[in-house]
Each structure stands twice: as structure tokens, then as C-alpha cells.
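# Per-entry structural report
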Amino acid sequence: MRDVHVHFLHGNPIGYRIDFFEGFIKVAQAAGLDEIYLLEHTHQFTEFESVYEPIRSYNDFQNNWITERMNGSIEEYIDFIKRVKDTKYPVKVKFGLEVCYIPETADILADILKKYDFDFLTGSVHWIDGWGFDHMGQKELWKSKNVEEVYKRYYDIMFRLCESGLFNGLSHPDSIKCFGYKPDMDLTEYYNKLAMLLNKHGMYAENSGGLQLNYSPDIELGLNPQLLSILRKNNVQIETASDAHKQSDVGANIPELEKMLRI
Ligand SMILES: [Zn+2]
Ligand SMILES: [Zn+2]
């Protein structure tokens, strides 16, 4: 079993330490995993400051949110990877980034990413036209939105993410259901197009347990049944992902997420 979405420091002030890193290996081993994909989120690194301009300028909440989290340099992460990459561990480890795809600054992002060479890059949609739709702190903003339009934009941005050719994987497609809003429309054509683009660009999609783990135990686990079935019918590569934000959550829900791919 594999967990392709494990946050490493994720703002933890402990810093890049070998003993802390080895803790991930131990938890992964205990969870029966063969491989983990460790990542940091681009919003943690000052090198990506210009990418988040439309996010900061959207409102004060988001400006403060970014300021609180963007406090490290990607070089510290890269230095750490160099220190451990030749050591053999009982669990295979890939190092990468979860990259926010923001169409308004996609060209700037592409230029920044060119400078680095990670094992993998997974693209995620957390912002729609500047708005962070999955933030508990501004959940109320959903009430002023047209849910159908929000869903259409979410998918359009994921299509552009795929077409950018920058990524190996797509993080948590279906995260748009985070607060339970569902559109009154048939999404089949959107799901089909997403499947086609993932295949065209050789990308995997996550079957992620992140919403259930980090938002609410009441949210359905992983991809919704229709999206999952369309991705499977089109033979899209699907990988299981915990979206663990802390070390003890490595491998969370992975057996259940794995089972969904076999039924
Ligand atoms: Zn994410
Ligand atoms: Zn994540």
C-alpha cells in the first residue's frame, strides 16, 4: 500500500531533523505501507510569494493566513532531501510539493518550478478566482455563491492544471464538497473531461481521505462514487492518499481507500 500525500513539516517548528523524518518511516511501517510521498505545500515557502498575490489581495483573512504560513525557504527542504536521499529505509520515500494551481499566476508558477527538481509535483485547487473555498474561517462565504458556478469553475481550473503539464498528480479532486454544498446539475461531462486530461498528461488522481481526516468524520471518504467510477472506467491511474497533516496520521484510511479501488 502507498500513501501519496503526507505533509512533512507543514509549519511544524521542529525543523528538518533526521529523527523527526524517521518517525514518518516508523508510522508508515506500522501502518503496513510500502511507500510514502512526503511533501510540503508551496504556500509555506517565500520563493512562491508572487504566486499568491491574488490570494492575498482577495481579503484580509487570506492575507493574514498566507503571512502566518509563508515563513520558510524551499532551500532548507531541498538541503534536507539531499541529506537522506541515499539512505535505504524499509519504506520507500518520494519527496515533492503540493502546488497550489492559481490560473492568474500560472506563468509565474511555471517559471519558479523550473528551478527545482523534485521526485513528484502534485497540483491542487484550493482557490477559485482568489477565494479559498475550503477554509473553515470563511465557510460563510459559500452562502453568497452560486454553487453550480463554483463547481464549474473548480473543474475548469482543474482542467487548466492538467493542461499546464507541470504536474505528476492531481491532489484531492472532489475537495469542493468540503462543506457539503452540492450543485443541482449533472457533472458527467466534467468527470469525463477530467479523466481524458489526466490520461493525456500521464497524471494520477488521488483517492484522498483528507476531508474525512481533517474536516469532518461525516464527509464521504475519498472520491464520490460517480467520479470514481468514471476515472476507473477510463483507466486513470488512481493513488491512495491520507493528506496527513501530522505524523501520527500517516496511512490514515489507506486500507479503506485502497478497497474502494478493488470493488
Ligand atoms: Zn490540498
Ligand atoms: Zn495536502
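Just so we're clear, the structure is a prediction, and the values are computed from it rather than from any experiment.

Along the protein chain, the regular secondary structure elements total 10 helices and 9 strands. Its C-alpha atoms give the protein chain a radius of gyration of 18 Å, within 12% of the compact-globule value 18 Å for 263 residues. Projected onto its principal axes, the C-alpha coordinates of the protein chain cover approximately 50 × 45 × 35 Å. When burial is assessed residue by residue, the protein chain has 37% of its 263 residues classed as buried. Taking all contacts inside the protein chain whose residues are at least 6 apart in sequence as the whole, residues at least 24 apart take part in 82%.

Let's shift gears to the environment of G251. Topologically, G251 is positioned in the loop between β9 (237-241) and α10 (254-260). Sequence-distant contacts of G251, defined by excluding residues within four places in its chain, comprise D3, V27, A28, A31, L33 and S242.

With that settled, the discussion passes to the packing of helix α7 (residues 188-200) against helix α9 (residues 225-233). The interhelical angle for the contact between α7 and α9, taken along N-to-C directions, is 40°, at an axis separation of 9 Å. With respect to α9, the element α7 is oriented oblique. Classified by chirality, the crossing of α9 by α7 is right-handed. Of the residues in α9, those touching α7 at Y191, N192 and A195 are Q226, L227, I230 and L231. Here the residues of the contact of α7 with α9 sort into 5 nonpolar, 2 polar and no charged.

A negative phi angle characterises most non-glycine residues, just as the trans form characterises most peptide bonds. One non-glycine residue, H172, lies in positive phi territory at about 25°. You can see H172 is positioned in the loop between β7 (169-170) and α7. Note on H172: 25 C-beta atoms within 10 Å, which makes it buried. For D243, which is not glycine, the phi dihedral falls at a positive 55°. Here D243 shows up in the loop between β9 and α10.

The next subject is the pairing of β9. A large share of β9 lies buried, amounting to 4 of its 5 residues. The sheet contact formed by strand β8 (residues 204-208) and β9 spans 5 bridges and is parallel. Bridge assignment links A205 to a residue of β9, and that residue is I238.

With that settled, consider the sheet that holds strand β4 (residues 120-124). Strand order in the open sheet formed by 7 strands is β1-β2-β3-β4-β7-β8-β9, and the pairing between neighbours is parallel. The outermost strands of the open sheet, each flanked by one partner alone, are β1 (2-7) and β9. Pairing analysis gives 4 bridges linking β1 to strand β2 (residues 35-41), with the strands arranged parallel. Along β2, the bridge assignment pairs D3 with I36.

Counting 58 residues, the largest nonpolar core has V6, F24, I36, L38, M158 and L161 as the members making the most contacts within it. With 6 residues, helix α6 (residues 147-163) is the single largest residue contributor to this core.

Between its first and last C-alpha atoms α6 spans 24 Å; for 17 residues at 1.5 Å apiece the expected length is 24 Å, and the two agree. For α6, every residue scored as buried is listed here: Y151, Y154, I157, M158, L161 and C162. For α6, the angular spread of the buried residues around the axis is 140°, confining them to a single face. Residues of α6 that are exposed and angled more than 90 degrees away from the buried face: E149 and E163. Of the surrounding secondary structure, the elements contacted by the buried residues of α6 are β4, β5 (127-128), β7 and α7. Of the residues trailing α6, G165 is marked for its positive phi of about 70°.

Below, the discussion takes up the environment of I157. Take I157: it is sitting in helix α6. For I157, a count of 20 C-beta atoms within 10 Å translates into the label buried. For the pair formed by I157 and I102, sequence separation is 55 residues and the distance between their alpha carbons is 7.8 Å. Aside from chain neighbours lying at most four places away, what touches I157 is Y101, P103, V125 and I128.

Rules of the game
Residues numbered from 1 in each chain as written. Chains lettered and ligands numbered in written order. Predicted model: local features only at pLDDT ≥ 70, side-chain atom pairs only at ≥ 80, totals over all residues. Helix = DSSP H or I, 4+ residues; strand = E, 2+ residues; numbered from the N terminus. Rg over C-alpha atoms; globule rule 2.2 N^0.38 Å. Buried ≥ 20, exposed ≤ 12 C-beta atoms within 10 Å, placed from the backbone. Contact = placed C-beta atoms within 7 Å. Axes fitted to C-alpha atoms, helices over the stretch in contact; angles between N-to-C directions. Parallel < 35°, antiparallel > 145°, perpendicular 65-115°, else oblique. Left-handed = near helix turned anticlockwise from the far one by under 90°. Nonpolar A, V, L, I, M, F, W, Y, C, P; charged D, E, K, R; others polar. Pairing = 2+ DSSP bridges. Core = buried A, V, L, I, M, F, W, Y, C linked by C-beta atoms within 7 Å. Expected span 1.5 Å × (residues − 1). Arc of directions from axis to C-beta.

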